[in-house]
Structures are given as structure tokens and as C-alpha cells.
Amino acid sequence: MQLRFTMKTDLQFSADFSEESKAAFLKAVEASEPLFWKGVPKGANPDEVGRIEGIPRIEGNRAELEFASGPYTRVHDALFRFRKQIPPVLGKFRMGLRDIGISDYVITMKGDFPENFRVPKLPFITESVLLDGTLTISLAVSAADLENRIPDRLVRLVEEKIEAAMYGGKSEHWELVFESGVKPRHFTKDPTAEMVERGWIKHAPARGQWIFGPQAVQLFRAFEQIVVEEIIRPLAFSEMIFPKMVPWEVWMRSGHAKGVYPEIYYICTPKTRDASYWEDIADYFKVTGEVWIDEIKNRIDGPIGGMCYAQCPPFWPFVQGETLANDCLPIRVFDRSGTSHRYESGGIHGIERVDEFHRIEVLWLGTAEQTVEIADKLHEAYTQVFEDILELEWRSARVTPWFMAQEGIVGGEAACGCGDRIGTTDYEAFLPYSEGWLEFQNVSINGDKYPKGFNVKIQSGGECWSGCSGIGLERWTAAFLAQKGLDRENWPEKVARMVGEPVNLFKFL
């Protein structure tokens, strides 16, 4: 990608220029070139390096300068390097720099843009044109924006969008690891429809939400017991409770703030708890029988964050900024304290694709070697459960989560040689009724993504890594019933025994 930056600046000083101060300033401009070549690779073309173009226009207490650059010492970096030279030059004239105005900032990017690439829409982008492989972006930015490296982040964002457009779907990065082979199939219907028919579940009022009756919960609790007995206890995981309301600060550090917005349920707070402030809202419902949604929107603040989307990020503030002693590693914890919520942009279906779901989140952290070792033990435990207890027809595959590819941490190097283990293994169950496969389980080795984001270190000084594995009870139930059906006589003996006779509590007339 060929990069070019141009910028016009307006420097305002505390006093008008005299002939002497003007001459000193222009001399500093002429001598500025070596400042901009510091740190530039040898052999770089002068057009690729930041520079001040032309002769500055000086009038009154203002000096207008034009900067241009390629990828090295970009125009904003050149500006701030030059700014450091101003005090010793103009200080003797009792002139100080009061303000920096940016009147024009343009980024030009030339390269291969995929057909489905879309230019970002951001408030500081005043115009953008993509024509014949050249993207031209005009910005309205302040000096503070430049110090916050807005242009650099924008360039990286465009590069990420190009990578994302070229990346394609998950199937392009799917590698089969294990396949159980065909198992006996006792059912060919959609299990959700059959559960509804038998009164095991009912649609709840909210989108993608179910009310689970006693029979379904019996199966949930049996699966939960299997997880505890076969995975949690043998691998020495300890129970914690993670928050289910997640503020922006957590998602900013975890990386989810880069793209979680279409799929989260937002949380807002009332502007006040004063009952009189809300009296007319309540009165409106009493008179009309309707909730006054439009007016409520005017009386809430936020959003302050969202409901739990991915279950592990809210754990990390517990260890944020800490250095973990060697003798407490690896740390192994799990959470099963509440629901997760995700606005399924791909559409809801049955109990396997819902907006509200129940999940046991398994999380571990330690050295890179410890993290990989625990992941391997989890794979062994899941294999034993799926093969010998649930007797599923299933397979596993290595996949590359986009957030990792996007952040450049897939297949990275690590001192232990574990870098190529970073990524996710998905477990998929065959669905006879659709002749398709359902992802119902995963194990992820996340590398230093979360420890780095939350500034977590270990005593030994080596890299701190982490992993996580989400056990979705709805997905397990959908996979199991799709193959075994709802009749206990077709279930594996241990599962049938743990579930017991279905409790038929309700009789409707």
C-alpha cells in the first residue's frame, strides 16, 4: 500500500513577527530536514519522508506551513518534531507558540482494494473518494487529534478492513482435526419443534429467548453435572462469579470494542431516581396501557456498556494491573452464574441460536506452556465426554477467529515455540434433521491478548497467556436431542439415569 500525507498548518504565536524573528524562523525551517530523517530506513526515497514544502507564509503573529510525507516521519510527526525546535529559536524574541491549527489534512492510499471494501464513516472524515485503486481521505482534525495519532489509527483501520474483506468466511480457515464417524441416529426431527410440541419449552416475550420447563432443565442440570464431574473437578477449576453487566472500559481492554456493536444488548441508566421525574411516564401507561418509549429515551443516560456478550472479559479486572506469583499458576476458574446475551445478527433459530443463553465459561491463565497444556487436557476431557458419555456423532476443527487474524496474533512466535497453537478448536455435532453441522463447543488459546490488554504479568517475567472455553447448555441440548430424540430409552444409560423421569408439572385445559 503506497501512502501519502499532506497537511496545512497555522501556527499562532504570542507576539507578532519582527524582521529578525521572521528570519530566524525561516532559517529553522530550512535546517529542519535532518530532524525528519531520524529513524528512517537507509535507502528511503526523499518523497517517502516528512518535509516542509515551499516557503512558509508569515503575517502578524501567524505562520502557515505545508507538510508532505510518505510512510516515514508522517506529516503530523514532522510537525511535532519541528515544534520542539521553536522555543530555542523564538524564545529570545519572547515569542511562544500559542496554538496549532490544522486547515487541511489529506491521506492518499494506493493499492489493491477488494470489491466489497467500504470506506469508514467517521465524524472527522469530511470526504473520501475511491477511484482506480486510489483512496483519498480528507480529514478535519485538531492538533490534539494528531497527538492522539488519529491518522495512523485511521490508516490501520483501512488496512484492517481490506484484510477483513479479503479474509472471507470462517470456512476458508477450517482444518479438520478429528471425526467420530457415524453413530446410531434415533431422531430426524427438529428438536426445538418437538420440545415445543411436548411442552418442554415455550417462547418467551423477548426476541431469541425461551422459557425452559422442568423437563428441559433436568437435561441442562445433567449436562452441568457431567461438566463438573468429568471436566471441572478433574482439571481443578475453581468457581467464581463474573459480572453480567459489562462497562465500556472492559471491552476497550479486551478488544471487543473494535466491533461488538451490532450484537450487544446495551445498558442505560435513568438520569435520576426522583419519582416525580418519572411520574408522567407512569401516568401515561395508566391512561393508555402503553409504555411511553419515545419519552423514556429522553430520560436515560448512556449507554454505559452492555449485557454479557462474551463471558470471560468481565473476569479480567480481578487481576488487572497485578503481577501473579509463580506458585499460584496456572490459575483455573469457571463461571456459571448467569445468562449471556447476544443480538444474533445472523438470525435466531430454535434453542441453538438465541439472544439469551446459558453457559459455563471455563478460563485459565499462566505461562504459555501451562496454557497450552491445559487446553490439551480439555480436548482430552471433551473427547471422553462426547464419545463415551453423550455418544455423539461429532468432529473437531482448528479455526482462525477473525479477531485474532485482525490483530495479527495468529501463528505468532513465542519463546516456548507455542505460537502456532494460538487459535480456536471448534466442536461440531451432526444434525440429522438438517443434514448439517452445529458448532456446540470450543476451546480457545488466546495467547497474551487478554493479559496484555489488562496489564497482567507473572513473576517469572515471561509472557502471560490465557485460554477460555464456553460450554453452552442450549447448544449441548440441541446437539444431543437432534441425534437421540426426546425419548429416554434412546439415550445413553448414564445421561438417562442422571436426568431421571421427565417431570410433567403443567396440565393446560
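Since the structure is predicted, the reported quantities are computational estimates derived from the model, not experimental observations. For every chain, the first residue of the written sequence is number 1, and numbering continues from 1 along that sequence. Only residues with pLDDT of 70 or above have their local features reported here, since the model is predicted, and side-chain atom pairs are shown and tallied only from 80 upward, although totals for entire chains, interfaces and linings are computed over all residues. Note: side-chain values were computed over all heavy atoms of the structure, leaving out hydrogens and water.

Draft legend 1. Geometry of the nonpolar core. The set of buried Ala, Val, Leu, Ile, Met, Phe, Trp, Tyr and Cys residues whose side-chain atoms join them within 4.5 Å is what this entry labels a nonpolar core. When accessible area is computed with a 1.4 Å probe and restricted to protein chains, residues below 20% of their type maximum are described as buried, those above 50% as exposed, and intermediate ones as partly exposed. Of all hydrophobic cores here, the largest spans 61 residues; its most connected members are Phe386, Leu390 and Trp476. Not counting the four nearest positions on each side in its chain, tryptophan 476 is found in contact with Phe223, Val227, Tyr382, Val385, Phe386, Leu390, Phe440, Gln441 and Ile471. Counting 46 residues, the second largest nonpolar core, distinct from the first, contains Val29, Ile58, Phe82 and Val141. When checking whether two residues touch, look at their non-hydrogen atoms; a contact exists if any pair is within 4.5 Å.

Draft legend 2. Main features of the packing of aromatic side chains. Two rings from Phe, Tyr or Trp (for Trp, the six-membered ring) form a pair when their centres sit within 6.5 Å of each other. Planes less than 30 degrees apart are called stacked, planes more than 60 degrees apart edge-to-face, and all others tilted. Summed over the entire model, instances satisfying the criterion amount to 30 aromatic pairs. When the centroid spacing of 5.7 Å and the interplanar angle of 65° are considered together, the rings of phenylalanine 223 and tryptophan 476 count as edge-to-face. Remark: tryptophan 476 occurs in helix 15 (residues 473–484) and phenylalanine 223 occurs in helix 8 (residues 214–232); sequence separation between them is 253 residues. Of the two residues, phenylalanine 223 and tryptophan 476, neither departs from the other in class, the shared state being buried. Ring-over charges, as used throughout, are those where CZ of Arg or NZ of Lys falls within 6 Å of the ring centre and within 35 degrees of the ring normal. The ring of tyrosine 277 is capped by arginine 299, whose NZ or CZ atom sits 5.3 Å from the centre of that ring. Lying across the ring of tyrosine 450, lysine 449 places its NZ or CZ 5.5 Å from the centre. For helices the rule is a DSSP run of H or I covering at least 4 residues; for strands it is a run of E covering at least 2, with both sets numbered from the N terminus onward.

Draft legend 3. Inspection of the side chain of glutamate 393 at higher detail. If you trace the backbone, glutamate 393 turns up in the loop between helix 12 (368–389) and strand 18 (394–399). As used in this structure description, the phrase polar contact means that two N or O atoms lie within 3.5 Å; if the pair is within protein, one of them must be able to donate a hydrogen and the other to accept it, and residues adjacent in sequence are counted only when both atoms belong to side chains. Looking at glutamate 393, its side chain comes within polar contact range of the main-chain nitrogen of lysine 183, at 3.2 Å.

Draft legend 4. A look at the packing of helix 8 against helix 15. Here helix 8 crosses helix 15 at 105°, and the two axes come no closer than 10 Å. Accordingly, the angle class assigned to the pair helix 8 and helix 15 is roughly perpendicular. On helix 15, the residues that touch Leu219, Phe220, Phe223, Glu224 and Val227 of helix 8 are Leu473, Glu474, Trp476, Thr477, Phe480 and Leu481. When grouped by side-chain class, the residues that make up the contact of helix 8 with helix 15 number 8 nonpolar, 1 polar and 2 charged. Think of each axis as a best-fit line through the C-alpha atoms, taken over the contacting stretch in the case of a helix, with angles from 0 to 180 degrees between the N-to-C directions. Every angle not falling under 35 degrees, over 145, or within 65 to 115 is termed oblique; those three ranges are roughly parallel, roughly antiparallel and roughly perpendicular. Think of it as three bins: nonpolar holds Ala, Val, Leu, Ile, Met, Phe, Trp, Tyr, Cys and Pro, charged holds Asp, Glu, Lys and Arg, and polar takes everything else, Gly as well.

Draft legend 5. Molecular detail of the sheet that holds strand 3 (residues 62–69). At least two bridges found by DSSP between two strands is the condition for calling them paired. Taking strand neighbours across the sheet as the criterion, the 6 strands line up as 2-3-1-4-6-5 in an open arrangement whose pairing is antiparallel. The two strands at the open ends of the sheet, each matched to only one other strand, are strand 2 (51–59) and strand 5 (125–131). Geometrically, the sheet is characterised by an average inter-axis angle of 10° between neighbouring strands, direction not taken into account. Of the strands in this sheet, strand 1 (2–13), strand 2 and strand 3 are in contact with helix 1 (residues 19–30), which crosses strand 2 at around 170°. Helix 3 (residues 75–83) rests against strand 1, strand 2, strand 3 and strand 4 (97–110) of the sheet, and its axis sits at about 35° to strand 1.

Draft legend 6. Fine view of the pairing of strand 19 (residues 423–431). Within strand 19, 9 of the 9 residues are buried, which leaves it mostly tucked inside the rest of the structure. Side chains Gly423, Thr425, Tyr427, Ala429 and Leu431 of strand 19 all project onto a buried face; the interleaved residues Thr424, Asp426, Glu428 and Phe430 project onto the opposite face, where all are buried too. Where strand 18 lies against strand 19, 6 bridges are found, and the strand directions are antiparallel. Looking at strand 19, one finds that arginine 395 is bridged to glutamate 428. Of the strand pairs in this sheet, strand 19 and strand 20 (residues 436–447) are connected by 9 bridges, and their pairing is antiparallel. Residue pairing in the sheet places glutamate 428 in a bridge with glutamate 439 of strand 20. Hairpin connection, strand 19 to strand 20: the antiparallel pair is bridged by 4 residues, and glutamate 435 has positive phi, about 60°.

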